[in-house]
Amino acid sequence: MNKWQTLLAQPGPLMADGAMGTQLFAAGLQFGDPPETWNVLHPDVVRGIQRRYIEAGAQIVLTNTFGGSRFRLAMLNLQSRVSELNRTAAILLRAEVEASGRNVLVAGDIGPSGDILAPVGTLEYADAVAGFAEQAEALAAGGADVLWIETMSSLEEIQAAFEGVRRVAPEIPVITTMSFDTHGRTMMGVTPEQALQALTERGAAAVGANCGNGTDELLAAIQRMHAAGPRVPLVAKSNAGMPELVSGKAVYRATPDVMACYALDVYRAGARIIGACCGSSPDHIRAMAESLRSADLSAAPPPPAAPAGAPPAERPEAGAASDRAARRQARAARHAGDEGPRSE
Ligand SMILES: [Zn+2]
């Protein structure tokens, strides 16, 4: 068994980590700075955040590489540094895991490109595959145990990421989560049921939901996924509440106690791997781990039935592709911890 299978063979919930971006901003990252460069400039800060997540109980921790693909690094003219920044990120986290003496998985984080695939958008499928392969290869070379494709809106883009990963790391477990932040669908119109089916068919080791509009919407996505595939390992990583815009900054108000309740709710709804996303901190993860440890989890109720009349077809939100691209970029920027003023 590989490390992922060994971890999954344990009974009960598995803890993932919380936000990296908002933690880096708290540590001094400035608006416009690419977080991935901190793997080289301030490795002690990145490792310190990951150390606190491990100490809080996280058994799966993500590398600081959400925006580490050539697509996103090119926005800052850093596309030549994909290999260096991703490989370094995995090496750093691997070192932190070894130092902890705990059985923690290094998850190589892959975020969305920020572009829409052709013909609707401008990113050619073959280029998307090549770009994700480049990032995946560096993460695997640096020692990632699993690759973690997250905050996705489009099944086509996930397909490209999957294909890129498989080109360079045929055996590595791939975990995939999408953001259902548009009336129960992703911004590209994908429902939780469609995501579950497509991603398990593609061979994902686990699937789930992350980021989005807060705990209630994320819980609903998990309920629907569990009803559609009760045996599939599900991942739940909610933001620390619904993002509120205050003076141009995204603010997340869910306290550790609120997130502790959410952790129990999503576990009882069928999530197996539970962490948090934007706005969360090691304090949130600690409270969540504690509530899962102390609760009587044997009394989990049966999963609810799938909501009646869930529409089957992929149906993108109304609106021009450029609107969607702008909203996706804004969400990805928020997720990366970029809380500065945006042009849109
Ligand atoms: Zn997020």
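A. Up close: the overall build of the chain. A tally of helices and strands in the chain yields 13 helices and 10 strands. Across the 344 residues of the chain, 54% fall into the buried class. A sequence separation of at least 24 residues applies to 80% of the contacts in the chain between residues at least 6 apart.

B. How the structure looks around unusual backbone geometry. Cis geometry marks the peptide bond from Ala118 to Pro119; its omega dihedral reads 10°. Here Pro119 lies in the loop between strand S3 (105-110) and helix H7 (125-141). For His183, which is not glycine, the phi dihedral falls at a positive 55°.

C. Quick peek at the pairing of strand S10 (residues 273-276). Of the two faces of S10, the one holding Ile273 and Gly275 and the one holding Ile274 and Ala276 are both buried throughout. Bridge count for strand S1 (residues 14-15) against S10 is two bridges, and the pairing is parallel. If you follow Met15 over to S10, its bridge partner there is Ile274. Here four bridges tie strand S7 (residues 234-238) to S10, and the two strands are oriented parallel to one another. Residue pairing for S10: Ser238 is matched across the bridge by Ala276.

D. Geometry of the packing of helix H9 (residues 192-201) against helix H10 (residues 215-228). Put simply, H9 and H10 touch, their axes get as near as 8 Å, and they point 50° apart. By the angle between their axes, H9 is oblique relative to H10. Note on packing geometry: the crossing formed by H9 with H10 is right-handed. Facing Pro192, Glu193, Leu196 and Gln197 of H9, the residues of H10 in contact are Ala221, Arg224, Met225 and Ala228. For the contact of H9 with H10, a count of residues per class yields five nonpolar, one polar and two charged.

E. Examining the sheet that holds strand S6 (residues 206-211) more closely. Taken in spatial order, the eight strands line up as S1-S10-S7-S6-S5-S4-S3-S2 in an open sheet, and their pairing is parallel. Edge strands, defined here as strands with exactly one partner in the open sheet, are S1 and strand S2 (60-62). Across four bridges, the pairing between strand S5 (residues 174-178) and S6 is parallel. By the bridge assignment, Met178 is partnered in S6 with Ala209.

F. Summary view of the environment of Ala228. Counting through the fold element by element, Ala228 comes out in helix H10. Its 19 C-beta neighbours within 10 Å are what place Ala228 among the partly exposed residues. Each C-alpha atom, one on Ala228 and one on Gln197, is 8.0 Å from the other, the two residues being 31 residues apart in sequence.

G. Geometry of the packing of helix H4 (residues 43-56) against helix H12 (residues 282-294). It is the contact of H4 with H12, at a shortest axis distance of 8 Å, that shows an interaxial angle of 15°. Viewed along their axes, H4 and H12 adopt a mutual orientation that is roughly parallel. The handedness of the crossing between H4 and H12 comes out as right-handed. Of the residues in H12, those in contact with Arg52, Tyr53 and Ala56 of H4 are Pro282, Ile285, Arg286 and Ala289. Residues belonging to the contact of H4 with H12 are distributed by class as follows: five nonpolar, no polar and two charged.

H. Spatial organisation of the environment of Gln79. As for its placement among the helices and strands, Gln79 is situated in the loop between helix H5 (70-74) and helix H6 (82-100). The class for Gln79 is partly exposed, based on 15 C-beta atoms found within 10 Å. Residues Gln79 and Ser69 lie 10 residues apart in sequence; the distance between their C-alpha atoms is 7.8 Å. Look past the residues within four positions of Gln79 in its chain and what remains in contact with it is Arg70, Leu73 and Ala74.

I. Local environment of the confidence of the model for the chain. With 89% of its residues at a pLDDT of 70 or more, the chain shows a mean pLDDT of 90. Below a pLDDT of 50 lies the segment residues 301-319, which in the model reaches 28 contacts outside its immediate sequence neighbourhood of four places, other chains included. When the criterion is pLDDT under 50, residues 339-344 qualifies, and its contacts beyond four places in sequence or with other chains add up to 10 contacts.

J. Quick peek at the pairing of S7. The element S7 is extensively covered by neighbouring structure, given that five of its five residues are classed as buried. Burial along S7 is two-sided: Leu234, Ala236 and Ser238 and Val235 and Lys237, pointing in opposite directions, are all buried. Pairing between S6 and S7: five bridges, direction parallel. If you follow Cys211 over to S7, its bridge partner there is Ser238. Read as a crossover between parallel neighbours, the route from S6 over H10 to S7 is right-handed.

Calculation notes
Residues numbered from 1 in each chain as written. Predicted model: local features only at pLDDT ≥ 70, side-chain atom pairs only at ≥ 80, totals over all residues. Helix = DSSP H or I, 4+ residues; strand = E, 2+ residues; numbered from the N terminus. Buried ≥ 20, exposed ≤ 12 C-beta atoms within 10 Å, placed from the backbone. Contact = placed C-beta atoms within 7 Å. Pairing = 2+ DSSP bridges. Axes fitted to C-alpha atoms, helices over the stretch in contact; angles between N-to-C directions. Parallel < 35°, antiparallel > 145°, perpendicular 65-115°, else oblique. Left-handed = near helix turned anticlockwise from the far one by under 90°. Nonpolar A, V, L, I, M, F, W, Y, C, P; charged D, E, K, R; others polar. pLDDT = per-residue confidence, 0-100. Right-handed = clockwise from strand over helix to strand, strands pointing away.

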